[in-house]
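Chain and residue survey
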Amino acid sequence: MAIVRDPAPAPAARSKPQADAGAAAERPVVELESVQVTGSRIPRAQIEGPAPITVITAQEIKANGFTTVPDVLRAMTQNGGETQSQQSASGADFSPGAQQVDLRGLGPNHTLVLVNGRRIADFPMPFKGRSNFTDISNIPLGMVERIEILTGSASAIYGSDAISGVVNFILKKQADGTTVDLRLGDTDRGGGESFNLSLSSGFSTDRFNAVYGVELLSQRPLWAYERAVQDSTLDAPTARSRAPRRVFLRTNWYDEYLDPGAATCAGLSQLNDGSTYYASRPGWGIDGEDGYYCGSDRSIGYGTMTSRRKGVNSYASLSYSFDGGIDWFADVQAGYHELAMFRDVTQWSFQAPDGNEEGYFYNQATDQVEYWQRQFTPEEMGGLDRGMIRNRQKTFSLNTGFRGRLGEAWDWEAALSHSQYQSTISWPQIVASRANDLLLGPQLGVDEDGFPIFNADPDRLYRPLTRAEYDSIAARTTYTPKARTDTLSLTLTNPELFSMPAGDAGFAGTIEVGNQAYALHPDPLATQYYYYSWRDSDGSGSRDRWATAGELRLPLLESLSLSTAARYDQYRYDGHSIDKVTWSSGLEWRPLDSLLVRGSYGTAFRAPDLHYVFSGEGNLESSGSDYYRCRTEEPGVDIADCSFGDEGVIVTRAGNRRLNPETSKSYTAGFVFSPLANLDFSLDYFDIDLRNQVQDLRIDGVLQDEASCRIGRRVDGTAVDPNSPTCIDALARVRRSNDGGLYGVFVNPINIARERTSGIDFSTHYRLETDIGLFRFSGNYTWVRRHESQQYTGDSVEDQFAVNSGFDIPRTKASASVSWEKSRWTATLHGERLGHLPNSDSYSQVYDPEDGGSPWIGATYRYNASLQYRFNERAQLSLSVNNLFDKMPPRDATATAYPYYDISWFDATGRQFYLQYTHKFGGKAL
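Cut-offs and rules
- Residues numbered from 1 in each chain as written.
- Predicted model: local features only at pLDDT ≥ 70, side-chain atom pairs only at ≥ 80, totals over all residues.
- Heavy atoms only, no water.
- Helix = DSSP H or I, 4+ residues; strand = E, 2+ residues; numbered from the N terminus.
- Rg over C-alpha atoms; globule rule 2.2 N^0.38 Å.
- Buried < 20%, exposed > 50% of the residue type's maximum accessible area, 1.4 Å probe, protein only.
- Contact = heavy atoms within 4.5 Å.
- Axes fitted to C-alpha atoms, helices over the stretch in contact; angles between N-to-C directions.
- Parallel < 35°, antiparallel > 145°, perpendicular 65-115°, else oblique.
- Left-handed = near helix turned anticlockwise from the far one by under 90°.
- Nonpolar A, V, L, I, M, F, W, Y, C, P; charged D, E, K, R; others polar.
- Salt bridge = Lys/Arg side-chain N within 4 Å of Asp/Glu carboxyl O.
- Arc of directions from axis to C-beta.
- 1 Å grid on protein atoms, 1.4 Å probe; cavity = no way out; pocket = protein on both sides within 12 Å on 5 of 7 lines; lining within 4 Å.
- Points joined across faces, edges and corners; volume = space filled by probe spheres on them.
- Pairing = 2+ DSSP bridges.
- Core = buried A, V, L, I, M, F, W, Y, C linked by side-chain atoms within 4.5 Å.
- Disulfide = S-S within 2.5 Å.
- Phe/Tyr/Trp six-rings, centres within 6.5 Å; stacked < 30°, edge-to-face > 60°.
- Lys NZ or Arg CZ within 6 Å of the ring centre and 35° of its normal.
- pLDDT = per-residue confidence, 0-100.

Focus: the overall build of the protein
- A tally of regular secondary structure across the protein gives 15 helices and 47 strands.
- A globule of 926 residues ought to have a C-alpha radius of gyration of about 29 Å, and the protein, at 29 Å, matches this closely.
- Across the 926 residues in the protein, those meeting the buried criterion constitute 56%.
- Sequence separation of at least 24 residues holds for 72% of the intrachain contacts in the protein that already meet a minimum separation of 6.

Given below as structure tokens:
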């Protein structure tokens, strides 16, 4: 490997196994300074090692048109898991504004996120109300020098969490003048305008070095009604799903719609921006006639696709050299962000004081059992802004310590790392008892069948509320969650521990002591049956940990190196103790200067998430398909058209303090080959076998299992043993009312038996110099050979790529870039391919091959383009276009749930433009 010094420094890039010897002879060969690479604590000269690492530099990030950290990581082909978008209802309920990375599709909590090699605090609210995770949306992209992604187990180096991989954000460390970046963004179809201003600078003396930066950002919301593909229910794929929303609905005990009359709805026509009208649904009226109600097909478009965000990030890296060879260092980050998003309008139906949401009551005014449902409109609420979910975030991280040298070869570092994440989050709510009183009047007792009695004139339901009336029943529930992590560490490294015939052996050892804590701090009223359809759980807890680890790098032969590491971790919490030894080993064989053959094997573990352990019991209102009644009472009817296909479900959840730690085994094998000085490619096989994985049971999965277990077979006819562990468990979790209707589902975290994934990563880079300019090509491709899971020992193994699997992950992802440089100009075209995904029916496990059609959404392509012009050595202008061809989400004829496409992978933002001006004062040229 010939290393040559460039005439001007450039961001760290992927190392090549070989440079052409003839080209190298033209410039002096020098020794490359040792660097520490993600996945090892031993400094070394080569970035390529026994485990595959992907590096993307700040220059590449800008050229490929990425404007946020989530955009960068979404393009990584190894990032194959289903995460939440900004328009996710679950995200709005549980983790407003946060975004995740999910390497290998094993869940965001199995990817370790580091900043400058240090852990940062989790987002203080749990992902989908379940597990802790790291929010990547607040990491300041303008201050990132490069991102290193290691895929595979790394617990032997970093401890718990690093099961599927590590994402390490390396921030700028060297002072080089002052750089100002101003970026403006807009969308071709309107809405979602953005502004970003960043400044980075620094200075140095003989002893002191400082690098600091600040980033200001502002993002306007993009509303769903601003995109034609999802601005109304008329965008739905089937006639039944195009029915207007039920803004005002009244039914009898048999769930038959009670006709309000056209005149009544006409008196409400000004609501929802004039879109409320006399609507009907076939078959929902008395004796199977059309069912009439007052509805709106446009009120469904009130949600935000992109959150409103205003914020500031700041960063400083400081160091000071004392006499005696001791250095002090400190990395400080602080951020403040205000986010707002709109999930949906507030709603109401009768909720009993004990939390029962079946909603039926005996109405003396009509002498029958009735059910009333009401959605409150923007005109009644006082505008959409009053329905916003608001999140005020404060982040702070400090890593400080001293480093020096013992003797001639031993380097030491003692460091204290502290990171915290605080939020103040408020959701709009309806106070159940106040709304009951306003819309139904006082309760007059209970009838002989147990129904509460009211004397409620239907006119009370069919009238707009005044602003004062709405304010009398509305409230905001506010949480102040907080998460933190603290670590004290001592690390010793010696790249020349002892000599071997082929070279010096390197060693790194570390001792860590730490504490991690979180607390949700919910509104006390939110843990009671106070707000309509919102009884949340509390959660708080902490754990102590300590660990010791050692890593050894041995040059066995001139062409063969062995790396090995071992680590012992112990966690203590709530009277429990979990300890684990993990180890890893890797081989690097260089039979040719241009060829690296490599392989690695490692064990890993993950202590259960704090929220999985300490979550209290709580309820939330969700919806689900009553597969049992659909399959027995309406056989042959598509689930989207089944009368029981969209039932309200009360989900009860609680933590589990008897969870076991997760464990995994992982190995990789592959090679890096550089047949030419300007060409390299790599091919690596990966395999991760995860045991005792902690997961919340999926509501839909439980309901599917309950139906199959009751009937004795699956939808495809496969026999099901009702005495199997899964059936026994599923039948105990589903609650039904006296008439057999679906009422509630109990879920909690459990250790499932197994999850396993394997596949291939391919990467290539090519550099071509021509008379018309310099061309650079790069490509990345990931093919997942298998992804399987097993819930309980003894259950069948589920193929997550199979039809009706209930999983939403792609088998293949690919990306490619081509750039051109000539004089002052640089242009880049970046493309991404997402392999086929299950359609909505297959994801819901109700696809029937006899219905015809494919169970898949075909592969999709997206392109970004950028053009840069350097006015001089100090000034540069860039234009980026994301989603160059303005592609909308692929159509799915089975996606009958709003917004009628898969929001985990797609959005309807459309083409985006970003204009960026960069100016540098002092230092080296741009």
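From this point, the narrative continues.
Concerning the packing of helix 13 (residues 699–711) against helix 14 (residues 725–733)
- Helix 14 packs onto helix 13 with a crossing angle of 110° between their chain directions and a minimal axis gap of 8 Å. In terms of axis orientation, helix 13 runs roughly perpendicular to helix 14. Helix-helix and strand crossings are classified by hand; for helix 13 and helix 14 the assignment is left-handed. When helix 13 is examined against helix 14, the residues Val-702, Asp-705, Glu-706, Cys-709 and Arg-710 are found in contact with a partner set consisting of Thr-726, Cys-727, Ala-730, Leu-731 and Arg-733.
- Along the lines of polarity and charge, the residues of the contact of helix 13 with helix 14 split into five nonpolar, one polar and four charged.

Things to note about the pattern of salt bridges
- This structure, assessed with the given rule, holds 44 salt bridges.
- The partner of Arg-911 in a salt bridge is Asp-188, with the nearest N and O atoms 2.6 Å apart. With Arg-911 in the loop between strand 46 (875–882) and strand 47 (912–921) and Asp-188 in the loop between strand 6 (178–187) and strand 7 (194–204), this pair connects stretches of sequence that are 723 residues apart.
- Residues Arg-189 and Asp-886 are paired through a salt bridge, measuring 2.9 Å at the closest nitrogen-oxygen approach. Taken as a pair, Arg-189 in the loop between strand 6 and strand 7 and Asp-886 in the loop between strand 46 and strand 47 lie far apart in primary sequence, 697 residues in all.
- When its relative accessible area of 15% is taken as the criterion, Asp-886 is described as buried.
- Connected through salt bridges with shared partners, the residues Arg-119, Asp-161, Arg-606 and Asp-609 form a single ionic network.

Some points on helix 14
- Taken together, the buried positions of helix 14 are occupied by Thr-726, Cys-727, Ala-730 and Arg-733. One face of helix 14 carries all of its buried residues, which in axial projection span an arc of 135°. Structural note: helix 14 exposes Ile-728 and Ala-732 on the side pointing more than 90 degrees away from its buried face.

Focus on empty space enclosed by the protein
- Applying the stated criterion to the full structure yields 10 cavities of 30 Å³ or more.
- Surrounding the second largest cavity, 25 residues form its lining, Arg-119, Ile-120, Asp-122, Asp-161 and Gln-516 being those nearest its centre.
- Elements supplying a minimum of two residues to the lining of the second largest cavity: strand 2 (111–115), strand 23 (482–500), strand 24 (503–519) and strand 26 (540–557).
- Split into classes, the residues belonging to the lining of the second largest cavity amount to 11 nonpolar, six polar and eight charged.

Some remarks on the side chain of Ser-664
- Locating Ser-664 in the fold gives a position in strand 32 (residues 662–676).
- Of the residues examined, Ser-664 reaches a relative accessible area of 4% and is grouped as buried.
- When neighbours within four sequence positions are excluded, Ser-664 is seen to be in contact with Ser-153, Ile-163, Gly-602, Thr-603, Ala-604, Asp-689 and Leu-690.

Some remarks on the pairing of strand 2
- With five of five residues buried, strand 2 is to be regarded as a mostly interior element.
- Because side chains alternate across strand 2, one face comprises the buried residues Thr-111, Val-113 and Val-115, and the other comprises Leu-112 and Leu-114, equally buried.
- Sheet topology note: the strand 2/strand 5 (residues 165–171) ladder contains five bridges and is parallel. By the bridge assignment, Leu-114 is partnered in strand 5 with Asn-168.

Overview of the nonpolar core
- By size, the foremost hydrophobic cluster in this structure holds 35 residues, and its most contacted members are Phe-342, Trp-348, Phe-376, Ile-430 and Leu-440.
- Here this core gets five residues from one element, more than from any other, and that element is helix 9 (residues 432–440).
- Sequence-distant contacts of Ile-430, defined by excluding residues within four places in its chain, comprise Thr-346, Gln-347, Phe-376, Ala-435, Tyr-470, Ile-473, Ala-474, Tyr-530, Tyr-531 and Tyr-532.
- In this structure, Phe-127, Phe-133, Trp-534 and Ile-578 belong to the second largest nonpolar core, which totals 29 residues.

Quick word on unusual backbone geometry
- With an omega of 5°, the peptide bond between Tyr-898 and Pro-899 qualifies as cis.
- For Pro-899, the position within the fold is in the loop between strand 46 and strand 47.
- Phi at Asn-272 takes a positive value of approximately 55°, unusual for a residue other than glycine.
- For Asn-272, the location among the structural elements is in helix 7 (residues 271–274).
- Residue classification places Asn-272 among the buried residues on the basis of a relative accessible area of 2%.
- With a phi angle near 55°, Asn-883 is a residue other than glycine that sits in the positive phi range.
- Structurally, Asn-883 can be placed in the loop between strand 46 and strand 47.
- What makes Asn-883 buried here is its relative accessible area of 11%.

Looking at the state of the cysteines
- If you walk through the whole model with that rule in mind, you get three disulfides.
- A sulfur-sulfur separation of 2.1 Å characterises the disulfide bridge that pairs Cys-630 with Cys-642. Because the torsion about its S-S bond is -100°, the bridge between Cys-630 and Cys-642 counts as left-handed. Residue Cys-630 is located in helix 12 (residues 627–633), and its partner Cys-642 is located in the loop between helix 12 and strand 31 (647–653); the two are separated by 12 residues in the primary sequence. Accessibility assignment for this pair places Cys-630 and Cys-642 in one class, buried.

Overview of the sheet that holds strand 1 (residues 53–57)
- Spatial strand order, 1-4-5-2-3: five strands in an open sheet with mixed pairing. Where the open sheet ends on each side, the last strands, each with one partner, are strand 1 and strand 3 (118–119).
- Note: strand 2 against strand 3, two bridges, orientation antiparallel. Bridge pairing in strand 3 places Val-115 opposite Arg-118.

A short note on the environment of Ser-674
- Counting through the fold element by element, Ser-674 comes out in strand 32.
- The sequence separation of Ser-674 and Tyr-861 amounts to 187 residues, and the corresponding C-alpha distance is 29 Å.

Examining the environment of Leu-416
- Along the chain, Leu-416 falls in strand 20 (residues 410–430).
- Each C-alpha atom, one on Leu-416 and one on Phe-402, is 9.4 Å from the other, the two residues being 14 residues apart in sequence.
- Ignoring sequence-local partners within four residues, the contact set of Leu-416 consists of Leu-398, Asn-399, Thr-400, Thr-487 and Leu-488.

Remarks on the packing of aromatic side chains
- Counted according to the given criterion, the structure contains 38 aromatic pairs.
- Each ring, one from Phe-248 and one from Tyr-462, has its centre 6.3 Å from the other, and the planes form 35°; the classification is tilted. Linking Phe-248 in strand 10 (residues 245–252) with Tyr-462 in the loop between strand 21 (453–454) and helix 10 (467–473), this pair joins segments that are 214 residues apart in sequence.
- What makes Phe-248 buried here is its relative accessible area of 0%.
- Clustering of aromatic rings is evident, with ring pairs tying together Phe-123, Phe-127, Phe-133 and Tyr-421.
- Across the ring face of Phe-686, the terminal group of Arg-104 is positioned such that the distance to the ring centre comes to 3.6 Å.
- Across from the ring centre of Phe-801, 4.2 Å away, lies the NZ or CZ of Arg-811, which sits over that ring.

Concerning the confidence of the model for the protein
- Chain-level statistics for the protein give a pLDDT mean of 90 and a share of 95% at 70 or above.
- Element-level pLDDT for the protein is lowest in helix 1 (residues 21–25), with a mean of 39, against a maximum mean of 98 in strand 21.
- Every residue in residues 1–32 is under pLDDT 50, and counting partners more than four places away or in other chains gives 52 contacts.

Here we look at the pairing of strand 6
- Along strand 6, the buried face is formed by Thr-179, Asp-181, Arg-183, Gly-185 and Thr-187; none of Thr-178, Val-180, Leu-182, Leu-184 and Asp-186, which line the opposite face, is buried.
- Pairing between strand 6 and strand 47: 10 bridges, direction antiparallel. Looking at the pairing, Gly-185 lines up with Tyr-914 of strand 47.
- Bridge count for strand 6 against strand 7 is seven bridges, and the pairing is antiparallel. Counted as the bridge partner of Thr-179 is Ser-200 from strand 7.
- Linking two consecutive strands that pair antiparallel, namely strand 6 and strand 7, is a turn of six residues; a positive phi of about 95° is found at Gly-190 within it.

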